[in-house]
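If you want the building blocks of each chain, they are given just below.
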Amino acid sequence: MASTSLSFPSFQIHLRSSKRSSSSSKPSTCRFSTRPIKITASVSEKPSVPVPPLQPTAVPSEPPSKQPIQKIPGNYGLPFFGPIKDRVDFFYNQGRVEYFQSRVQKYQSTVYRANMPPGPFISSNPNVIVLLDGKSFPILFDVTKVEKKDLFTGTYMPSTELTGGYRVLSYLDPSEPSHAKLKQLLFFLLKSSRDKVIPEFHSSYTELFETLESELAGKGRANFSDANDTAAFNFLSRSLYGTNPADTKLGLEGPKLISLWVLLQLGPILTLGLPRPVEELLLHTFRLPPILVKKNYQRLYDFFYAAASSGDVLDEAERLGISREEACHNFIFATCFNSFGGMKILFPNLIKWIGRAGVKLHAQLAEEIRSAVRSNGGKVTMAALEKMPLMKSAVFEVFRIEPPVPFQYAKAKKDLIISSHDATFEVKEGEMLFGYQPFATKDPKIFYRSEEFVADRFVGDDGEKMLKHVLWSNGPETQNPTLGNKQCAGKDFVVLASRLMLVELFLRYDSFEIEVESSSVTITSLKRASF
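Basis of the calculations
Every residue gets a number counted from 1 within its own chain, in the order that chain's sequence is written. Note on the predicted model: pLDDT of at least 70 is required for a residue's local features to be given, and 80 or more for side-chain atom pairs to be given and counted; whole-chain, interface and lining totals, by contrast, use all residues. With hydrogens and water set aside, each side-chain value is computed from the structure's full complement of heavy atoms. To qualify as a helix, a DSSP run of H or I must reach at least 4 residues; to qualify as a strand, a run of E must reach at least 2; elements of each kind are numbered from the N terminus. N or O atoms within 3.5 Å of each other form a polar contact, as long as, within protein, one can give a hydrogen and the other can take it, and as long as residues adjacent in sequence are counted only when both atoms are side-chain atoms. Take the buried Ala, Val, Leu, Ile, Met, Phe, Trp, Tyr and Cys residues and link them wherever side-chain atoms come within 4.5 Å; each set so joined is a nonpolar core. Relative accessibility decides the category of a residue: with a 1.4 Å probe and only protein chains considered, values under 20% of the type maximum give buried, values over 50% give exposed, and everything between is partly exposed. Contacts were defined at the residue level, with two residues in contact if any of their heavy atoms lie within 4.5 Å.

A closer look at the side chain of Glu402
Inspection of the secondary structure puts Glu402 in the loop between helix H13 (389-401) and strand E7 (407-412). A polar atom in the side chain of Glu402 sits 2.7 Å from the side chain of Trp353.

Thoughts on the nonpolar core
Among the nonpolar cores identified, the biggest contains 120 residues, and Tyr205, Trp261, Phe331 and Phe347 are the most heavily contacted of them. Top element by residues in this core is helix H10 (residues 324-357). It accounts for 17 residues. Excluding its chain neighbours within four sequence positions, the residues that come into contact with Phe347 are Phe201, Tyr205, Phe224, Asn228, Ala497, Ser498 and Met501. The next biggest cluster of nonpolar side chains, apart from the first, holds 19 residues, and it includes Ile129, Leu131, Ile418 and Leu471.

Here we look at the environment of Glu318
If you trace the backbone, Glu318 turns up in helix H9 (residues 313-319). Take Glu318: its relative accessible area is 45%, and that puts it in the partly exposed class. Along the backbone, Glu318 and Leu185 are 133 residues apart, and their C-alpha atoms lie at a distance of 9.9 Å.

Things to note about unusual backbone geometry
Following Pro117, the chain continues into Pro118 via a peptide bond in cis, with omega recorded as 10 degrees. One can find Pro118 in the loop between strand E3 (111-115) and strand E4 (127-131). Here the amide bond leading from Pro120 into Phe121 is cis, since omega sits at 0 degrees, within 30 degrees of zero. Structurally, Phe121 is set in the loop between E3 and E4. Here the phi dihedral of Asn474 falls at roughly 70 degrees; this positive angle occurs in a residue that is not glycine. Examined against the element boundaries, Asn474 turns out to sit in the loop between helix H15 (460-465) and helix H16 (491-508).

Right, here's the structure in full:
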C-alpha cells in the first residue's frame, strides 16, 4: 500500500563487467530472455498488528569500502536550460532507457549526476545523484542517513488539494509524528481484513475470468488490463472495507475516477502520446489545476467514508489521534494510488512474463498449485500457498525483473559515503539521491542471467538468500515494514494478492496465450484445466 516510489515501464541494461555474477541461482528450463519493450502488516493465518520500533530503522549496509573517494561524474548543465534539455532527452530524444544507459556508458559509472523531470517550472531543483547498481541503491532505504519528506513523486510534490488538504502518509518522513500513527492505522486496516482477502480475491477474479472467457468467445481476444482494473478495485473495496462498489452510488466508475485523479498527480513525469509541444506545455511545464478532478475526488471520498464507517477503522483512527477526515483521505491514497495503482501494473506484468515463459512453465505451475490445494482439502489457504515454491519464486522473479515501483528518491541527512561495485563517492548533506530500480534488480554482478526471466530463481536455500536483492517494496524483500521505516505497509498484502493471482489462474486453466502491446496485455487463448 503506502510506499515511497513510483511506477514506470521496465527496460534492459547492459553493464560492462569482468566478474562472474555472485548469484547462486541455478540455470532453469523456465526462463525467457527479455526484449526492450516498451501494499507490514503481515497477512497470515493469524496476523497481528506489528509493534515496531518508533525510531528510524536502519537498513544493513555494505562494509565501508577501501576504495579511494572519487568525484561523482556528470553535471547538471546550465541553470534552467540544462534541466529542460535533460527533460526532452528523457521523454522524447532518448527515452527513459537510453537516457540512463547512455550516461552509464559515457561516464563509465553507475553513479553520476543528472537532472530528473519535470524541471522548470514545476520542480524548483531537478538535480539528482543517480544510483543504478545493486550495491549503491539500498542507501535510499536507510532513513538514519536519508530523509523521505515530500519525495514520493520525486523532485516535485503535487498539490495537497488533491488529497483533501493533507500531506498523506507517502509524503511523510518517519521522523514526523504523524507518520507512525498513520502507518499503524494502515496496519490495523490490513489486520481487520485478514479473513476476507482470500475469499474476496476468488470472487473478484472469478468474475474477471468469466469476463475474459465471454470476450474470447465473442471477439477471439480479450483485454486483460481493462478487466483487471475492475477486478482489482472490486477486490480492494470488498476485502478491505466490506463494500461492493456496484451496490453504491459509485457503481463501476471507480477505476476511471482514480485514473483521472492520478493523472493530475503524475502528469509532470508522464507522456500520453500527445504532440510534444502540447505535452511539454500542459504536463511538464505547468501543473494541471486540481479543480479539474474536484468533483470526481469528492465521489471517491464519499464512497470510502461510507465504506470505512461501516467498520471500526475510523474509530481506530480517532483512538490513535487522527481525525476521521484525515484518515479517510489516507485510505483513499493507500487504496487507490498505492494498492490499485500497483495492481494495475503488477498483474498485467505477471500475466505477461508467465505467459511468455510458455507451456512448460504453465504445466509445472498447474501441477504444483493443484497438488498443494488437493493436499489441503481442496481449499486455498496460507498453508497451501507455502507448499508452492515454484509459484512463490515466479512471483518474486516478476517483482525483480520488472518492479512495479521502480523510482525511489531520498535526500541526504548528512554527508555520506556511498559505494558502487567499482568506486566510492562522497555525497553532501541536502543532495538528492535517485534510483531507477530495474537497473539495481537486474545488476549482472548480483544476479545470474540477470536479463532473463528465470521462474525458479528463488527456489531453495540458495535462491531464498537472493531475496535481499528484490527491492520493489521500498526495501529488501527479507525485511518488514515498521513504524520507523518507509517500506510499503502492505508489502505482504501485495505479495499474497500476486500469489493468489497465479493460483486462481492455474486452478482454472492449463495454459494461456497472450499478445503484448506497450503496457496492455491481451489474452488470445485460455485452455481450461484438464486434470
